[in-house]
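Observations on the model geometry
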Amino acid sequence: GNLLSKIVYDVNAGLYLYRKNFFVGVAGYHAANNKINFSGSHSRLTPHGYATAGYTIKVNKKFGVQPSALVKYNAPIGVQPELSLRGIYMKQFWVGASYRMNDAYSVSVGGVVKERITVGYAYDIPFSGIKQYTSGSHELVLTYSFIKTKKQRDADQEEFNVIDNSFKSNLKNKKKKKENEEEEK
């Protein structure tokens with residue numbers, strides 16, 4: 001087959017803000033709305049926009065519930081809202097379900113593997129017209145957080161304090177030893 005290739009510039013941007021129990025984010029893709037022209041074919045990188053928000057409700061010390069919403073705009077499809085609900089255990093594991101309006105249901109599961117690494121799995125179950133072509137789709141998610149959590153920073157600070165105190169104590173002992181040696185002379 002023939003492979004068509006074209007280089008065009010593109011503009012994408014996003015912002016994600018979060019606090020202990022709340023998050024909000026926005027993202028835009030293909031903002032330049034560039035045309036892609038091939039011999040006998042014309043196409044366009046159509047703009048996409050996304051907005052999300054969610055809140056974690058603490059049920060008890062071990063369990064939380066997180067409702068969230070995602071609103072997508074993909075030209076020419078238009079606006080597509082999605083509602084999700086996750087159950088979170090010990091801030092380490094979760095299981096969830098989503099409903100994408102007029103399109104699909106989704107189930108997901110995931111957890112924290114190591115300090116800043118999480119892994120997740122989701123399965124989309126379509127009920128729209130596309131279901132005649134697919135029985136669903138699998139999604140694997142691997143997340144790495146570049147910023148340490150407060151708990152991790154506190155642990156690092158505690159470790160530093162232990163080392164620092166040990167170092168200071170060592171110096172103090174050496175100084176005392178030297179003073180004692182000088183007094184004996």
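Residues numbered from 1 in each chain as written. Predicted model: local features only at pLDDT ≥ 70, side-chain atom pairs only at ≥ 80, totals over all residues. Heavy atoms only, no water.

1. Section: unusual backbone geometry
We count it as follows: Only DSSP runs of H or I reaching four residues or more are called helices, and only runs of E reaching two or more are called strands; each is numbered from the N terminus.
Within the chain, Asn33 stands out as a residue other than glycine whose phi angle is a positive 55°. When you line up the elements, Asn33 lands in the loop between β2 (22–29) and β3 (35–38). The backbone phi angle of Lys91 is positive, close to 55°, even though this residue is not glycine. Tracing the sequence through the fold places Lys91 in the loop between β8 (78–89) and β9 (93–100).

2. Focus on the environment of Ala122
Rules: Contacts are assigned to residue pairs with any non-hydrogen atoms lying within 4.5 Å of each other.
Note that Ala122 resides in strand β11 (residues 117–126). In this structure, the C-alpha to C-alpha distance between Ala122 and Gly96, residues 26 residues apart in sequence, is 8.9 Å. Look past the residues within four positions of Ala122 in its chain and what remains in contact with it is Ser106, Val107, Ser108, Ser137, His138 and Glu139.

3. Observations regarding the confidence of the model for the protein chain
Heads up, the rule is: As a per-residue measure, pLDDT reflects the predictor's confidence and takes values from 0 up to 100.
Taken residue by residue, the protein chain gives an average pLDDT of 86. The fraction at 70 or more is 89%. Of all helices and strands in the protein chain, the one with the weakest mean pLDDT is helix α1 (residues 150–184) (71), whereas β9 scores best (97).

4. Some words on a positive patch on the surface
Put simply, the rule reads: Nonpolar side chains (Val, Leu, Ile, Met, Phe, Trp, Tyr) are joined into patches within 5 Å and like charges within 9 Å, using only residues with over 30% relative accessible area and no salt bridge. Using a 1.4 Å probe, the Shrake-Rupley method yields the accessible areas, and only the shown protein chains count as cover for residues. Counted as salt bridges are all cases of a side-chain nitrogen of Lys or Arg within 4 Å of a carboxyl oxygen of Asp or Glu. Charge counting treats Lys and Arg as positive and Asp and Glu as negative, with His and both chain ends excluded. We put the charge of a Lys on NZ, of an Arg on CZ, of an Asp on CG and of a Glu on CD. Only protein chains enter the accessibility calculation, which uses a 1.4 Å probe. A residue is then buried if its area is under 20% of the maximum for its type, exposed if over 50%, and partly exposed in between.
There is a patch of like positive charges on the surface, built from Lys20, Lys58, Lys61 and Lys91. In this fold, Lys61 is placed in the loop between β6 (57–58) and β7 (63–74). Of the residues examined, Lys61 reaches a relative accessible area of 81% and is grouped as exposed.

5. Regarding the pairing of β9
Definition in use: The rule for pairing is simple: two strands pair if DSSP sees at least two bridges between them.
The alternating pattern of β9 places Trp94, Gly96, Ser98 and Arg100 on a buried face, while none of Phe93, Val95, Ala97 and Tyr99, on the opposite face, is buried. The sheet contact formed by β8 and β9 spans eight bridges and is antiparallel. Residue pairing for β9: Ser84 is matched across the bridge by Ser98. Turn length for the β8-β9 hairpin, with the two strands adjacent in sequence and antiparallel, is three residues, and the turn residue Met90 shows positive phi of about 55°. Note that β9 and strand β10 (residues 104–114) share eight bridges and pair antiparallel. Looking across to β10, one finds that Phe93 is bridged to Gly111. Hairpin connection between β9 and β10: a loop of three residues separates the two successive antiparallel strands, and Asn102 in this loop has a positive phi of roughly 60°.

6. A short note on the packing of aromatic side chains
Worth spelling out the cut-off: Each pair of aromatic rings taken from Phe, Tyr and Trp, with Trp reduced to its six-membered ring, is defined by centres within 6.5 Å and is described as stacked if the planes are under 30 degrees apart, edge-to-face if over 60, and tilted in the remaining cases. Lysine and arginine charges are scored as sitting over a ring when NZ or CZ, respectively, is within 6 Å of the ring centre and within 35 degrees of the ring normal.
Taken as a whole, this structure holds seven aromatic pairs when the rule is applied. Geometrically, the ring pair formed by Tyr16 and Phe23 is tilted, given 6.0 Å between the ring centres and 35° between the ring planes. Taking the relative accessible area as the measure of exposure, Phe23 reaches 13% and is therefore buried. Aromatic pair Tyr99 and Phe127: ring centres 6.0 Å apart, planes at 5°, arrangement stacked. Of this pair, Tyr99 sits in strand β9 while Phe127 sits in the loop between β11 and β12 (137–144); the two residues are 28 residues apart in sequence, bridging distant segments of the chain. Note on Tyr99: relative accessible area 29%, which makes it partly exposed. Pairwise contacts between aromatic rings join Tyr16, Tyr18 and Phe23 into one cluster. Lying across the ring of Trp94, Arg86 places its NZ or CZ 4.8 Å from the centre.

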